[in-house]
Amino acid sequence: MSILEVKDLRVGFRQDGQTFEAVKGVSFSLDRGETVALVGESGSGKSVTALSTVAMLGESASVSGSVTYDGQEMVSADEKLLQKVRGNDISFIFQEPMTSLNPLHTLEKQLGESLALHQGIVGDDARSRIVDLLVKVGIRDPEERLKSYPHQLSGGQRQRVMIAMALANKPDILIADEPTTALDVTIQAQILELLADLKKSEGMGLLFITHDLGIVRQIADRVCVMKDGEIVEAGLVSEIFANPQHDYTKTLLSARAVGAPDPVSDDADVVAQTDELRIWFPIQRGLLRRTVGHIKAVNSASVTVRAGETLGIVGESGSGKTTLALAIMRLIGSEGPIRFQGNDIRNLKTRELRALRKDMQIVFQDPFGSLSPRMTCEQIIAEGLGVHGKPDGRDTRVLVGEVMEEVGLDPATMDRYPHEFSGGQRQRIAIARAMILRPKLLVLDEPTSALDMTVQVQIVDLLRNLQKKYDLAYLFISHDLDVVRAMSHKIMVMKQGDVVETGTASEIFEAPKTDYTKELLAAVPA
């Protein structure tokens, strides 16, 4: 008998007097010791389906059909039963641990709350159990980490803590909702291996939600492909990958950033260049704030990027990728020459730099976090024009409409707010905001990592077309090596502030020289 059975599940949300159906007759099962993957794009109903298992959808949701855990019906269950099951028998790991962990509480307090609530374990017994959990999920020096706060941990460590919290009460079912999306490939590989080992040792059923089919192939036994609230295809992973039947499944399997950017002219101008750039942050202590040491974010980085060229920068979190890019844009302090369009800009004052800002722009990883929720699409895109001026005094709405069309957005939507757009559309708005100033250098900091695979391909194509049209120089920061290969002419590999390897994209991918680069490439899911 399956430990979890979902039959004809339907979920609707009431809004403005109408009901939007998010899940439409979904059925699947999960056995002990089995991994079932729910796959699909954002908005397909994956997370809603998972949250329905323990009635965590809120009062605006209407749910029908059947969800049984170990023979017990969950859809019509009373609150007492649901409280017992939630976090105890069925546990969740969410995509972004920083928003799931309380920033004001230590790890010991947060893990201890779950043990006290569900098992009544407190005091020294709880502390001992917490240390065991942290050891099990691979946290080094667990006793020293008990007093740490979430912000003091890396992304991979925070995700391991979330897994420890989920495992605290030895659940029968673990639901992992995009648990590796924001992680580097090496950390992702470690988390996937950890989940597989824990599933085997603990005998849990694992429901894994993702949009990355490479991960599905690596971790899952069976897969359910979702689109528009329905399961359009389901079966063994080996069968689905070898012989997909539904057109949407075929689209997902083929959605991968491929190809390469157009070659760069031999006489292309150098846009940005550094020579042994160093970025050390002082550690200051005591009443007089004496410097007692340094955090060596970047030790010695020499960068050259020409017009029409993309330099891909890869490495784990904390390797110095974003810090290096921010220093090149003179947004943080550094030591060593920085030349932009042939001029050394390291000693320019703020007023002198302002004139250059329109020529160097940045697009961030999370468009929703970098777009003001109180501004319309038009106001967001046109914001830079208010600082740097409009070309030839042209009408703002006309300029915004033109750049929206250029990035694949409908100008008729310019009066909408960010929450009214999809993730891919919000990223296009962020690109349009940068492009309306016609920059020479564009820093792209993880611009595709939070996007579905099909949307990633669209954004990569858009960026390559814009580069070709305007001869743009890109600094492309990413942990997605498929996207880096599709975008980059040259690649720089960084580790703990050091540049460990630099070369053309083909050299790095086909003949890596350092062990660290080989480790990065080996960690990419098939």
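What you are looking at is a predicted structure, and each value in this text was computed from that prediction instead of being measured.

(A) Examining the overall build of the protein more closely. A tally of helices and strands in the protein yields 21 helices and 22 strands. A globule of 526 residues ought to have a C-alpha radius of gyration of about 24 Å, and the protein, at 25 Å, matches this closely. Referenced to the eigenvectors of the C-alpha coordinate spread, the extents of the protein come out at roughly 70 × 55 × 45 Å. Here the protein, with 526 residues, has 51% of them falling under the buried criterion. Intrachain contacts of the protein at a sequence separation of at least 6 include 69% that bridge at least 24 residues. Carbon and sulfur atoms provide 46% of the accessible area of the protein, an area that totals close to 24400 Å².

(B) Region of the structure containing the environment of M162. Mapping M162 onto the fold places it in helix α7 (residues 155–167). By relative accessible area, which is 6% here, M162 ends up buried. Once the C-alpha coordinates of M162 and S60 are considered, the two residues, 102 residues apart in sequence, prove to be 28 Å apart. Apart from the residues lying within four places of it in its own chain, the contact partners of M162 are I93, F94, P97, S100 and L101.

(C) Structural context of a negative patch on the surface. A cluster of acidic residues, D266, D267, D269 and D471, forms a negative patch at the surface. Within the secondary structure layout, D266 lies in the loop between α11 (247–254) and β11 (270–274). Taking relative accessible area as the criterion, D266 reaches 76% and is therefore assigned exposed.

(D) Just the nonpolar core, in detail. Counting residues in hydrophobic clusters, the biggest one holds 51 residues, and the most contacted among them are I381 and I431. Excluding residues that lie within four positions of it along the chain, I381 makes contacts with V400, V403, M404, I429, A432, R433 and I436. Listed in part, the 47 residues of the second largest apolar core include A164, A168, V216 and F241.

Parameters and conventions
- Residues numbered from 1 in each chain as written.
- Predicted model: local features only at pLDDT ≥ 70, side-chain atom pairs only at ≥ 80, totals over all residues.
- Heavy atoms only, no water.
- Helix = DSSP H or I, 4+ residues; strand = E, 2+ residues; numbered from the N terminus.
- Rg over C-alpha atoms; globule rule 2.2 N^0.38 Å.
- Buried < 20%, exposed > 50% of the residue type's maximum accessible area, 1.4 Å probe, protein only.
- Contact = heavy atoms within 4.5 Å.
- Areas by Shrake-Rupley, 256 points an atom, 1.4 Å probe, with all protein chains shown as cover.
- Patch = residues over 30% accessible without salt bridge, like charges linked within 9 Å, V, L, I, M, F, W, Y side chains within 5 Å.
- Salt bridge = Lys/Arg side-chain N within 4 Å of Asp/Glu carboxyl O.
- Lys, Arg positive; Asp, Glu negative; His and termini not counted.
- Charge placed at Lys NZ, Arg CZ, Asp CG, Glu CD.
- Core = buried A, V, L, I, M, F, W, Y, C linked by side-chain atoms within 4.5 Å.

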